[in-house]
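Next come the chains, spelled out residue by residue.
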Amino acid sequence: MPHVLIAGSLHRSGIALLNSTSGVTYDYVEEVSEDSYAPFIGAADGLIIRTQPLSAETVERAPRLKIVSRHGVGYDSVDLNALNAREIPLCIVGDVNSISVAEHAMTLILACAKFLVRADRSVRDGKWGWRNKLEVGEVSGKRLLILGYGRAGRHLARMAAGFGMDIRAYDPFLSNSGNWPAGPVEAVDSLLDGLASADFISINVPRADKPLIGDAELQRVKPGVILVNTARGGVVDEAALAAALADGRVAAAGLDVFDDEPPAAGNPILAFDQAILTPHVAGLTAQAAERMAVASVRNVLDFFAGRLDPTLIVNKGFKK
């Protein structure tokens, strides 16, 4: 009889799936921190985890652990080497929130173009005359560069096309594979050339060892560009972005993710009213949360039933 540990708040549909499955017991710790769930890890055969870390130390305290299921698609907070050493598969939920992320990216693009924060404050603060500065812009006919042309990037391209945007995408992995998707979106071979011609930039790539967009890249952007990031903190150098906002190279930014979450009170990005900031919520709609909960639970149940989809396993060196 497998015993499952749920680390972090889970939609009631995921809990209902566990409750309806015979022969499975579970602990449920709603707080999202490693310290909160660590005391229960020793009894767990399976772990369903939200965004909090899973460190090597915690894995070492889990002698019965056989499967880890991420409530999402990112796993940079999980010590993959520790799982590999124990041959514990880490699985993700697949495509359950790409539409949500794309909608949020499109929302930030529009909100930044229309300077919605400043517009809202002008009404609340009695500064109606702000409208005459003509800061508000349009997206129709403007060039959008999508960095990362996976599922969310492709959904975003479809949405942006509906607003009449001219769309290009940069994804060297996809370009080199020879499997660029059919359609009107052209591949950009050079990141710097793409940045120099874009009116809007949307970031949809995973975090790497260093920022994809740093000071050197921001020196090459088209003056007055608008940048949005719904991917991961650390893909954009926040200090470099703050400098670019200060000198006008970047006219506005929409950020759903940050190096530290939540960002510290002294984070320079917080000082800019041309920056629209959201709390890592792009993929966390009510609908997506339900899909992620059910999928993350299903992965654990499928593992113990011997039918886990191998395409959902992140550490591909072995299959269980």
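> When you look at the sheet that holds strand β7 (residues 166–170) in this model, what are you seeing that I'm missing?
For sheets, the rule is that strands pair by backbone hydrogen bonds, running either parallel or antiparallel. Spatially, the seven strands line up as an open sheet ordered β8-β7-β6-β9-β10-β11-β12, and their pairing is parallel. Edge positions in the sheet fall to β8 (186–187) and β12 (275–277), since each has one partner strand and no second. Where strand β6 (residues 143–147) lies against strand β9 (residues 200–203), four bridges are found, and the strand directions are parallel. Bridge pairing links I146 to S202 in β9. Packing of helix α5 (residues 98–113) onto the sheet brings it into contact with β6, β9, β10 (225–229), β11 (250–255) and β12, and relative to β10 it is tilted by some 150 degrees. Strands in contact with helix α7 (residues 151–162) are β6, β7 and β9; relative to β6, the strand with the most contacts, it is inclined by about 170 degrees.

> Got a minute to help me understand the pairing of β11 in this structure?
Here is the key point about a regular strand: its side chains alternate between the two faces of the sheet. Burial analysis of β11 places five of its six residues in the buried class, the great majority of the element. Bridging between β10 and β11 involves five bridges; their strand directions are parallel. Residue pairing in the sheet places N229 in a bridge with L255 of β11. Read from β10 through helix α11 (residues 238–247) to β11, the crossover connection turns out right-handed. As paired strands, β11 and β12 are joined by three bridges and run parallel to one another. The residue of β12 that forms the bridge with A253 is A275.

> Could you clarify how one ought to interpret the packing of α5 against α7 in this entry?
A pair of packed helices is captured by two measures, namely the crossing angle of their axes and the spacing between those axes. Their axes nearest at 8 Å, the elements α5 and α7 cross at an angle of 50 degrees. Between α5 and α7, the interaxial angle falls into the category oblique. The crossing of α5 and α7 is right-handed. Of the residues in α7, those touching α5 at S98, I99, V101, A102, E103, A105, M106 and I109 are R151, A152, H155, L156, R158, M159 and A160. Looking at the contact of α5 with α7, its residues break down into ten nonpolar, two polar and three charged.

Conventions used here
- Residues numbered from 1 in each chain as written.
- Predicted model: local features only at pLDDT ≥ 70, side-chain atom pairs only at ≥ 80, totals over all residues.
- Heavy atoms only, no water.
- Pairing = 2+ DSSP bridges.
- Helix = DSSP H or I, 4+ residues; strand = E, 2+ residues; numbered from the N terminus.
- Contact = heavy atoms within 4.5 Å.
- Axes fitted to C-alpha atoms, helices over the stretch in contact; angles between N-to-C directions.
- Buried < 20%, exposed > 50% of the residue type's maximum accessible area, 1.4 Å probe, protein only.
- Right-handed = clockwise from strand over helix to strand, strands pointing away.
- Parallel < 35°, antiparallel > 145°, perpendicular 65-115°, else oblique.
- Left-handed = near helix turned anticlockwise from the far one by under 90°.
- Nonpolar A, V, L, I, M, F, W, Y, C, P; charged D, E, K, R; others polar.

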